[in-house]
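# Observations on the model geometry
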Amino acid sequence: MNKIFGFLLLAAGCLFTASCSDDSTDYVAPSALKVLKSNTYFTADADTSVVVASTPIIEASTEATWLKAEIKGDSVQLSTQVNDNLTSRSTQLLLKDAKGAIVTLSVTQEGSVFGVESDGNLITDDAALTTTYKLVTNKTTTATTSGDWIQASISSKALTVTLSENTTGKPRVGYVKVVSGTLKDSIKVVQASLNDFVGKYTLVAQVSDKGELKRQESEVEIVKVSEDSVSLVFDNQIKWGGKYKAGGKLTFSASETLLTVPTTSGANRYLKSVLVSSDGQASFSPSASIDLLPANSRVLAFEANGSTDLTNANNFGFGLFNSAVADNSNFIGFYALYFFPYMIAQ
């Protein structure tokens, strides 16, 4: 009996010894993984940063596709793609060392900020000009132009545009395009003086023919009357007076008497200018007007300017009235209507 008991004690002692030996083999000392240096806030532009740890890193992972983590010994190099969204974005970065210790860092990239403080138009006369616009951006931004007479440069959060003197004798139209990633802005440049508008043109418009609109071409001429006024002459007899607005714009008003036509009865008929909307409504009001602007160096386009409640009032015509005062009570009918009109320099 004593021998059996002693054998059991011996076996138990061996098991205990083996167990202690196994524990000693598997034991791993606690890791002292610490982040010594990190910058995990990025600008919206493509950016880089380094995370330095106290022990070598064997794993660096994130679920974000815009963030790349590359292990380099005890440090991890982070790089981001451009964030073209206006909102910021965040993700988690997991770092793991050889002893299994884990550290998780939050990574944030700010959203894009971009804009040129401009109304979108640079309208000026023929003189050389340099002007500067405030540029708000937090990414790499470039500027290009549509012609060599326009120069654009970016520096110190400012966009500088320089125009050479216009000696062509015609209006010039161009663009400055500003790009920041996928975000874009532009400035339309119009350089013209009154003398650049003077000359003969082909008026192209849609006119009504038996209830259908058909293309028609006719000869017109812009004649200078004074330093701030012109006449748009049709058929060498109908003259529609317009005002020159500094920086390449002519404005023509409704209700202007273009021609006085005597009748056999002794009463006069008055041919007057009329503005027409895209759905055929007409305005005779003297306060209503339409602008004539350069679309490019050869083409002038009629554009609504908001002076009337009519929708898309970029069409015009001539109406016949019994009185010099144009209103519905003395309106006889239309002499001519021009839809979608524009003028091509000859």
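What this report covers is the structure whose coordinates are included nearby. (Residues numbered from 1 in each chain as written. Predicted model: local features only at pLDDT ≥ 70, side-chain atom pairs only at ≥ 80, totals over all residues. Heavy atoms only, no water.)

Time to look at the pairing of strand β17 (residues 199-209). Taken residue by residue, a regular strand's side chains alternate between the two faces of the sheet. Where β17 meets strand β18 (residues 212-226), 11 bridges bridge the pair, whose relative direction is antiparallel. Directly across from A205, in β18, lies its bridge partner Q216. The turn joining β17 and β18, which pair antiparallel and follow one another in sequence, is formed by 2 residues; a positive phi near 55 degrees is taken by K210. For β17 and strand β28 (residues 331-345), the ladder comprises 5 bridges, and the chain directions are antiparallel. The residue of β28 that forms the bridge with Y201 is A345. (Pairing = 2+ DSSP bridges. Helix = DSSP H or I, 4+ residues; strand = E, 2+ residues; numbered from the N terminus.)

Moving on to the nonpolar core. Ranked by internal contacts, the top residues of the largest apolar core, which has 32 residues, are I222, F234, W240, F318 and M343. Filtering out sequence-adjacent residues up to four positions away, I222 remains in contact with F197, V198, G199, Y201, V230, S231, L232, L250, L292, L300 and M343. Core analysis: the second largest hydrophobic core is formed by 17 residues, L33, W66, L67 and V103 among them. (Core = buried A, V, L, I, M, F, W, Y, C linked by side-chain atoms within 4.5 Å. Buried < 20%, exposed > 50% of the residue type's maximum accessible area, 1.4 Å probe, protein only. Contact = heavy atoms within 4.5 Å.)

Each aromatic ring pair is described using two quantities: the centre-to-centre distance and the angle formed by the ring planes. A full pass over the atoms with the stated rule returns 15 aromatic pairs. Ring geometry for F302 versus F316: centroids 4.9 Å apart, planes at 45 degrees, classification tilted. Taken together, the residues F302 in strand β26 (residues 299-304) and F316 in strand β27 (residues 315-321) connect sequence positions 14 residues apart. As far as the burial class goes, F302 and F316 line up, both buried. (Phe/Tyr/Trp six-rings, centres within 6.5 Å; stacked < 30°, edge-to-face > 60°.)

In this section: the side chain of N83. Position of N83 relative to the elements: it lies in the loop between β6 (75-80) and β7 (89-97). Here the side chain of N83 touches T87 through a polar contact of 3.2 Å, landing on its backbone oxygen. If we ignore the near neighbours within four places in the chain, the residues touching N83 are A44, S88, R89, Q109, E110, G111, S112 and K139. (Polar contact = N/O pair within 3.5 Å; in protein donor to acceptor, adjacent residues only side chain to side chain.)

Spatial ordering of the open sheet is given by β10-β16-β15-β12, a layout of 4 strands whose pairing is mixed. Only two strands of the sheet have a single neighbouring strand rather than two, namely β10 (121-124) and β12 (142-145). The mean inter-strand angle of the sheet, taken between neighbouring strand axes irrespective of direction, is 15 degrees. Direction of pairing for β10 relative to strand β16 (residues 183-191): parallel, over a ladder of 4 bridges. Opposite T124, over in β16, you have Q191 as the bridge partner. (Axes fitted to C-alpha atoms, helices over the stretch in contact; angles between N-to-C directions.)

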